[in-house]
Amino acid sequence: MEDALRNLSEHDLIELELIETLRFTSGFGYTRLDLHLGRMERSAAALHFPFQRRDALSRLEQVNGPGAHRVRLVLRHDGSLSLSSGPLQPNPDHWRVAIGKARLDAADPWLRHKTSRRALYDQTRAELPDGVDEVLFCNRDGFLCEGTITNIFVQRGGRLLTPPPSAGLLPGVLRQELLASARATEADLWPIDLDNAEAIFVGNSLRGLIPARRV
């Protein structure tokens, strides 16, 4: 990570942001709040961003209102925080997923942190083909990595399998919870595993697990 930081220009470092997207539900509060703040704290340490958990909690307490909300917490290089929120629409019954043409570099340290350096993901989502809800990326060796905004889960033998960080991906908060509870296990996965799966899911902490089918 240190080498990656040294390769950033001063302007790019100033513009760099850490991002956490959380679900807030009236009467329930935040979903996986500690895991989100823990991930931001670890990334802040790796990138040498000042981070105060109590300041983040103070910001997050500003969100209220009925129903479910999508809340975006942003940490800048100087330690300043910003917050935005809006209504969260219900999940669809399923998402249609396709394999993207771009290949990820599994050794890229930026993949392990949720930052504003996500041009490929944003562009891919902006250009989703008709009939596709999510694009899944493979790495240069052909292994499945992640989606533009989700982690990948393949059900086999009644177990959920998800690619390991060594494949090249952001360790998602939902993914972390599923691994910790032994509901999911890490395994190298190929695109063909999507076709042979008992079920496919994509998911993130904001929306949970969403059933998926390959198109």
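From a predicted model like this one, the values you see are computed outputs, not experimental measurements.

1. A word on the overall build of the protein
- Along the protein, the regular secondary structure elements total seven helices and twelve strands.
- Taken over C-alpha atoms, the radius of gyration comes to 17 Å for the protein, in line with the 17 Å a tight globule of 215 residues would show.
- For the protein, the spread of C-alpha atoms along the principal axes amounts to about 45 × 45 × 35 Å.
- Scored against the burial criterion, the 215 residues of the protein give a buried share of 46%.
- Taking all contacts inside the protein whose residues are at least 6 apart in sequence as the whole, residues at least 24 apart take part in 64%.
- For the protein, the computed accessible surface area is about 10900 Å², with 48% contributed by carbon and sulfur atoms.
- In the protein, the 27 positive side-chain charges and the 28 negative ones have mean positions that sit 4 Å from each other.

2. Examining the sheet that holds strand β1 (residues 17–25)
- Overall, antiparallel pairing links the four strands, which are arranged β2-β1-β3-β4 in an open sheet. The open sheet has two edge strands, β2 (29–30) and β4 (81–87), and neither has a second partner.
- In the sheet, β1 pairs with β2 via two bridges, with the strands oriented antiparallel. Within β2, the position partnered with Thr25 by the bridge is Gly29.
- Where helix α3 (residues 33–47) meets the sheet, its contacts fall on β1, β2 and β3 (68–76), and the angle it forms with β1 comes to roughly 175 degrees.

3. Here's the deal with the side chain of Thr150
- Its place among the elements puts Thr150 in the loop between β7 (144–147) and β8 (151–156).
- Residue Thr150 is classed as buried on the basis of its relative accessible area of 4%.
- A polar contact is formed between the side chain of Thr150 and the side chain of Glu134, at a distance of 2.7 Å.
- Not counting the four nearest positions on each side in its chain, Thr150 is found in contact with Trp95, Glu134, Val202, Gly203 and Asn204.

4. Side note on the packing of α3 against helix α4 (residues 53–60)
- Packing of α3 against α4 brings their axes to within 11 Å, and their N-to-C directions diverge by 135 degrees. By the angle between their axes, α3 is oblique relative to α4. The way α3 lies across α4 gives a crossing that is right-handed. Contact residues: α3 offers Leu33, Asp34, Leu37, Gly38 and Glu41, while α4 offers Arg53, Ala56, Leu57 and Leu60.
- Looking at the contact of α3 with α4 residue by residue, the classes come out as five nonpolar, one polar and three charged.

5. A short note on the sheet that holds β7
- Read from one edge to the other, the open sheet built from eight strands follows the order β7-β6-β5-β12-β11-β8-β9-β10, with strand pairing classed as mixed. Every other strand in the sheet has two partners, leaving β7 and β10 (184–186) as the edge strands with one partner each. Pairwise comparison of adjacent strand axes, ignoring direction, gives a mean angle of 40 degrees for this sheet.
- One ladder, built from five bridges, connects strand β5 (residues 95–104) with strand β6 (residues 134–139); its direction is parallel. The residue bridging Leu104 from the neighbouring strand is Asn139, located in β6.
- Strands in contact with helix α5 (residues 119–126) are β5, β6 and β7; relative to β6, the strand with the most contacts, it is inclined by about 140 degrees.

6. Description of the pattern of salt bridges
- Taken as a whole and judged by the stated rule, the model has twelve salt bridges.
- When the shortest N-O distance is used, the salt bridge between Glu41 and Arg53 registers 3.3 Å. Highlighted residues: Glu41 in helix α3 and Arg53 in helix α4, separated in sequence by twelve residues.
- Residue class for Glu41 comes out partly exposed when judged on its relative accessible area of 38%.
- Residue Arg53 is classed as partly exposed on the basis of its relative accessible area, which comes to 28%.
- Each member of the salt-bridge network shares a partner with another, and the members are Asp34, Glu41 and Arg53.

Calculation rules
- Residues numbered from 1 in each chain as written.
- Predicted model: local features only at pLDDT ≥ 70, side-chain atom pairs only at ≥ 80, totals over all residues.
- Heavy atoms only, no water.
- Helix = DSSP H or I, 4+ residues; strand = E, 2+ residues; numbered from the N terminus.
- Rg over C-alpha atoms; globule rule 2.2 N^0.38 Å.
- Buried < 20%, exposed > 50% of the residue type's maximum accessible area, 1.4 Å probe, protein only.
- Contact = heavy atoms within 4.5 Å.
- Areas by Shrake-Rupley, 256 points an atom, 1.4 Å probe, with all protein chains shown as cover.
- Lys, Arg positive; Asp, Glu negative; His and termini not counted.
- Charge placed at Lys NZ, Arg CZ, Asp CG, Glu CD.
- Pairing = 2+ DSSP bridges.
- Axes fitted to C-alpha atoms, helices over the stretch in contact; angles between N-to-C directions.
- Polar contact = N/O pair within 3.5 Å; in protein donor to acceptor, adjacent residues only side chain to side chain.
- Parallel < 35°, antiparallel > 145°, perpendicular 65-115°, else oblique.
- Left-handed = near helix turned anticlockwise from the far one by under 90°.
- Nonpolar A, V, L, I, M, F, W, Y, C, P; charged D, E, K, R; others polar.
- Salt bridge = Lys/Arg side-chain N within 4 Å of Asp/Glu carboxyl O.

Spatial relationships are all this shows, so hold off on functional conclusions.
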